[in-house]
Structure formats: structure tokens, C-alpha cells
Amino acid sequence: MKLKTIKNSIRIAGLATMLLVSQSCKDVLDEEVVSGIGNNYMNTTKGFEDAVKAAYSTLRYYYGSQQGLTMSEYGTDIYATGADGGYKGFHYYDGQLNPTVDYLINTWDELYRGINTCNAIIERAPNVTGIAEATKKLRVAEAKFLRAHYYYLLFMQWGGVDLRLSETVVPTKETKRATDAEMYTAIIKDLTEAITDLEAKAQSADYGRATKPHAETLLAKVYLTKAYSTSKAADDFTKAAALCKNVTTAYGYKLLDDFASVFDENNQLNTEVVFAVQYTSDPLTNLTNNTGAVNGGNNLHLFFGMQYDVQPGMKRDVFYGRPFKRLRPTNYLLNTVFADRTNDSRYKKTFRDTWLSNNPGTNLNAASFDDSKTKVSFAAGDTAIFIPGVEWTKAQRAAKKYQVLVPSAYNEALFPTLQKFFDTKRPDLTYEAGSRDYYVFRLADVYLMLAEASLQSGNVADAVAAINAVRYRAGWPGKKEAMLLTAQNLTMETIMEERARELAGEQMRWLDLKRWNMLIDRVKKHNPQAAVNIKDYHVLRPIPQTQIDRSAKGADGKSVFAQNPGY
């Protein structure tokens, strides 16, 4: 049984604001509703297995969701705000980004729910009977991977948090903030132990469970992050490189020949996917608390689209998607990162540039953005909108029967549309809950981490080989050799741009900029909207006010759980 077939499962609900715990009643594979379960259910064979499956559900809150996207792509050097939507404080770094924002509160709570479920699994495992010891050890390793993953996300967003490594079973206000060193120690310990006990590859029926390469990839990210921090050790980059090299060589992963095929919704179990969060078309399966979308699901298809559906010859449909217009590529992303379109296929394959008419008619109203023509008419399937990516003269545009959107006409509603996440299998044009899996780790990311770790540890040959594996794949036919770098032109700037080119929109950029200690600098240089307000303290998010208010007070009458500076 694949993890993605799980309908709902029990979770230990650790409400992080007070670290409250309750039991949640949900059903599992056969959709039989289990209600009124007691605290001892988890100590049974079935309850224990259900709890492990349930521990994965927190991943769905962050990956493939608006709240996770908001906290990982908004306000970076490559994405600025679109015309619509809220939560623009994450773009602007202004007073809207404050401790009362529900995305911050809900993300905090959900990650702690997942952590407390993992804590319960790890602590209760020795007393659970009816499960083979080898299976029990494997399930505990899965829980350690997930616990480390959730603490990693908390740590990256908020810094040191309340580091609880045992199950919270009664309400408590006793909290404290761990140091950075304590956070790294706990996360690395969990992942190291998980790697020892996880399988190299999950059984086909259990696709989606944590395996050794999943844990190795995350541990490599942790070591890379640590290597730039005040907790750094001399061998952090070397350790990260060794882990990445193992993932790229030991498990049969392979880069696909065509960059676009990585995101083919009909080929989601491809050789480039290292770790994916499972989604389905079943709303019960996808349901997670506070997802911000109707019935949960992977809803990233909503947020990168421009407003094509009010243009002549066009109307909204399932194929072109529901354009929420939340994120708009910066000039830096379009003009610098994707400057090479002669040799590199990724601009063409990352952004949608053509819309075919799905609303045919003649003598339509004047074009809304192309001033080179007063009327246009289309038959079904005719090109209605084209984005060349470069300026065309008015005469060049007038020679075309369709609208041409040039860079000088881009605005918060009209811009090149990232097409990695579009979901054409939704049942209707208003349906928000997509069914595509979300790729948390894919092989190209691992190769680029290997390039970075190798370069930073002085192994330039390995760094060049790793980045060239990604670049060669991205080259147009006949242009692949031109994509290859040499040791002389490989720098950290090259790697930063390569990660933007390869991974744009994939919930990584904010975390990348932060771990490089480059968030403030690059946002000021490349994102005029955010540059006005961003300050040094914005490398951390505000601690949710609920957490502060519900923690104990010290002798001075203030919460023992301190707010991050600046908020």
C-alpha cells in the first residue's frame, strides 16, 4: 500500500502554542471511520502503524501549499508580489509581517503536531507488541527522519525553538528556546540514526516512506547550512559533499534527459525524484489542518499564473489554470538568471509563453496590453497570446494576429508564467486541490548541493563535474557542450544563479539565501519591492504571539519565550 492511499490517520496533536496534546480521530486505508479512540490505541499493533503513517501528514501542510510557498519563495531575489492575494508582508518585509499572522501560527502549530507524533512513536515503540523488531526499528527511523525534518523547518524559519524530544502528554507552559548548537546537535543526531536503520529503497507498495537517501539528502542540507553558521565545524562542507555524492551514485537515481519531462504530471515516479510528498485526487487523503485550500491537495498550480483569462480569445479553463497571480518573476530572474536562451532550454521549459485561443470569435475588443492593433479575432486553437521574452517593436507586434506581451508591458497581473506545477487532472476549472505529488528533493538539487559543498571544501574538480551534470542536461540539442563550465568560471555566484535557474519556484530560494547569509544583500540588489523595508533581523520570522502568551512568565512578568529581535 502506498502512503498516498492513506485516507486519514491518527495524529498526536501537539498544539505548540501551549504544547497541548489531544487525540485526533481519523480513518485509514479502508476508509473505516475510527472514532472515540483512546490514548492506548497507539500502543497496539495497528495503532502504532497508523501513527507512523499519520506522522507524514504534516509534510502536506508545508509542501505544495500556499503557506509553505509563502514562507519559502516570497520576498526573495527571484520572486516579487503579483496583483492578488494577501500575506504580502512576506514580500514587503513591512508591518504586515508580525507575530499575529495566521500562516506563522498555523505553521508553527502543525510542525509541532508532527514532532509530538514522532516523539510518541519513538518513545512508545519498545512497548508495542505484535510487530517484528526489524519493522519496529524501521518505523522509529522514519519518525526520526520526520522529526529532524520538522525541526529543520522550524529552525530555518525561526531560529532556536523549544526542543522537545519526548512526548508531551499534558498541557504545559514550561518552554525555553534552544541554542543554535543544540538545534544542530538534535537534528544531526536524529538523521544520523535514521540513516543507519532506514532501508536503501522502500518497497514498491510503500513508495513515499523515508529511506536512506532521503535522510542523507536532508543531512547534507543541514551540514551545508551549519557550515555558514556560527556553529560551523571545519568538516561540514566535506560531510555534506560525501552525503551528496552517495545519493548521486549509490541508489540508481538518474537525471532525465529533458528538463521539462521532470514535471510531466503523467510521469511523477521518475528516476530524478528522490523524495516526494504524496497527493491524490481523493480529498480525504489530502486533508490537512489549516491548508488554506479547499480540501487540501497540492495547490501550487494556482499561484504562478498571469491573468490570461480576461484577454481577447481566452477564458479560464482547466488546462491553463486558475490564475491567482501571487508571484511575479523579478527582472533579475528573467534577465540575468535566464539570460542564456540560446544554449540553455530552461527559460523556454520553465515559463509558459504561448496561450491558444479557447474562446474563439471575430472582431473582439481592443487588445488590453498590445497597443499595436485595435482588434483581433481568433479561431479555436489559434495563438492568442505570445510572450517572446524580449522587446519587439510596435511594427513587429502589429505583423502578428495575436497579442504579444513584451517585457516593457509586464506588470503585477501580466508576466511569464511558471509552468512546473500545472495540474490538468482537476475535475473543473475552479477546483483548487491538485493531485500532483510534490518533489521535496530531486536529483538536480543534490548535484547542485554537491557542487557547492565540493567547491567550498576545495574539491573543484568534483564541483565542476556535479554542476555540469545539471547544465549538460539543460542544454538544447546540439548546444549541450556549450553549457559546460570549467574550473576557472565556477564561483559561488555561478552556483547561486544555477540553483535559481534549475529550482525556481520549488520552495527553496528563501532557505538558500538565508543559509548563504545572503538574504538581505540579494533582496536589496534584485527585488526593489522588498529592498525598501528588509532589515538584518528579517532572516528570522516573528515568533507567533500565541506561543509567547501561553508560555510561563519570568520574575519580570515577561514571557520566558523571547520574541525574535526586531518584532
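All values derive from a computational prediction rather than experimental measurement.

Scoring rules and cut-offs
- Residues numbered from 1 in each chain as written.
- Predicted model: local features only at pLDDT ≥ 70, side-chain atom pairs only at ≥ 80, totals over all residues.
- Heavy atoms only, no water.
- Buried < 20%, exposed > 50% of the residue type's maximum accessible area, 1.4 Å probe, protein only.
- Helix = DSSP H or I, 4+ residues; strand = E, 2+ residues; numbered from the N terminus.
- Pairing = 2+ DSSP bridges.
- Polar contact = N/O pair within 3.5 Å; in protein donor to acceptor, adjacent residues only side chain to side chain.
- Core = buried A, V, L, I, M, F, W, Y, C linked by side-chain atoms within 4.5 Å.
- Contact = heavy atoms within 4.5 Å.
- Axes fitted to C-alpha atoms, helices over the stretch in contact; angles between N-to-C directions.
- Parallel < 35°, antiparallel > 145°, perpendicular 65-115°, else oblique.
- Nonpolar A, V, L, I, M, F, W, Y, C, P; charged D, E, K, R; others polar.
- Salt bridge = Lys/Arg side-chain N within 4 Å of Asp/Glu carboxyl O.

Student: When you look at the pairing of strand β4 (residues 273-277) in this model, what are you seeing that I'm missing?
Tutor: For β4, a buried count of five out of five residues is recorded, marking the element as mostly surrounded by other parts of the structure. Relative to strand β11 (residues 438-442), β4 runs antiparallel, the two sharing four bridges. Across the sheet, A276 pairs through a bridge with Y439, a residue of β11.

Student: Can you help me understand the environment of Q278 in this one?
Tutor: Note on placement: Q278 falls in the loop between β4 and α10 (283-286). A relative accessible area of 5% means that Q278 is categorised as buried. The spacing of Q278 and D512 is 234 residues in sequence and 24 Å in space, taken between C-alpha atoms. Polar side-chain contacts of Q278 include one of 3.3 Å to the backbone oxygen of A276.

Student: Explanation requested: the nonpolar core in the structure shown.
Tutor: Generally speaking, soluble globular proteins have nonpolar side chains that are buried together. Grouped together as the largest cluster of nonpolar side chains are 151 residues, with contacts concentrated most on F145, L154, L191 and M306. Looking at which element gives the most residues to this core, the answer is helix α6 (residues 133-158), with 15 residues. With residues near it in sequence (within four places) discarded, L191 still touches F145, A148, A215, L218, L219 and V222. Formed by seven residues, the second largest nonpolar core is a distinct cluster that contains F259, V273, A276 and Y439.

Student: Looking at this structure, how should I read the pairing of strand β8 (residues 383-386)?
Tutor: Side-chain positions along a regular strand alternate between the two faces of the sheet. Across three bridges, the pairing between strand β7 (residues 354-356) and β8 is antiparallel. Across the sheet, L356 pairs through a bridge with T383, a residue of β8. Bridge count for β8 against strand β9 (residues 403-404) is two bridges, and the pairing is parallel. Bridging across to β9, I385 finds its partner in Q403.

Student: How should I be thinking about unusual backbone geometry in this particular structure?
Tutor: Across residues other than glycine, the phi torsion is negative in most instances, and most of the peptide bonds are trans. One non-glycine residue, Y87, adopts positive backbone phi at about 60 degrees. Within the element layout of this structure, Y87 appears in the loop between β3 (79-81) and α4 (89-92). Relative accessible area serves as the criterion here: at 27%, Y87 is assigned to the partly exposed category.

Student: Even after reading the chapter, I still don't get the packing of helix α14 (residues 443-456) against helix α16 (residues 492-503), so can you show me in this structure?
Tutor: Geometrically, a packed helix pair is captured by the angle between its two axes and the distance between the axes. Interaxial distance between α14 and α16 falls to 11 Å at its minimum, and their mutual angle equals 175 degrees. Viewed along their axes, α14 and α16 adopt a mutual orientation that is roughly antiparallel. Between α14, through A444, D445, L448, M449, A451, E452, L455 and Q456, and α16, the contact on the second element is made entirely by M492, I495, E498, R499, E502 and L503. Among the residues making up the contact of α14 with α16, the classes are represented as eight nonpolar, one polar and five charged.

Student: I keep staring at the pattern of salt bridges and nothing clicks. Help me out?
Tutor: Side-chain pairing between opposite charges can occur once the charged atoms of the two side chains come close. Evaluated as defined, the whole model comprises 45 salt bridges. With its nearest N and O atoms 2.8 Å apart, the salt bridge here joins E193 to K189. You can see E193 and its partner K189 sitting in helix α7 (residues 180-197), four residues apart, about one turn around the helix. Residues K348 and D353 are paired through a salt bridge, measuring 2.7 Å at the closest nitrogen-oxygen approach. In this structure K348 comes out as partly exposed when scored by relative accessible area, which is 40%.

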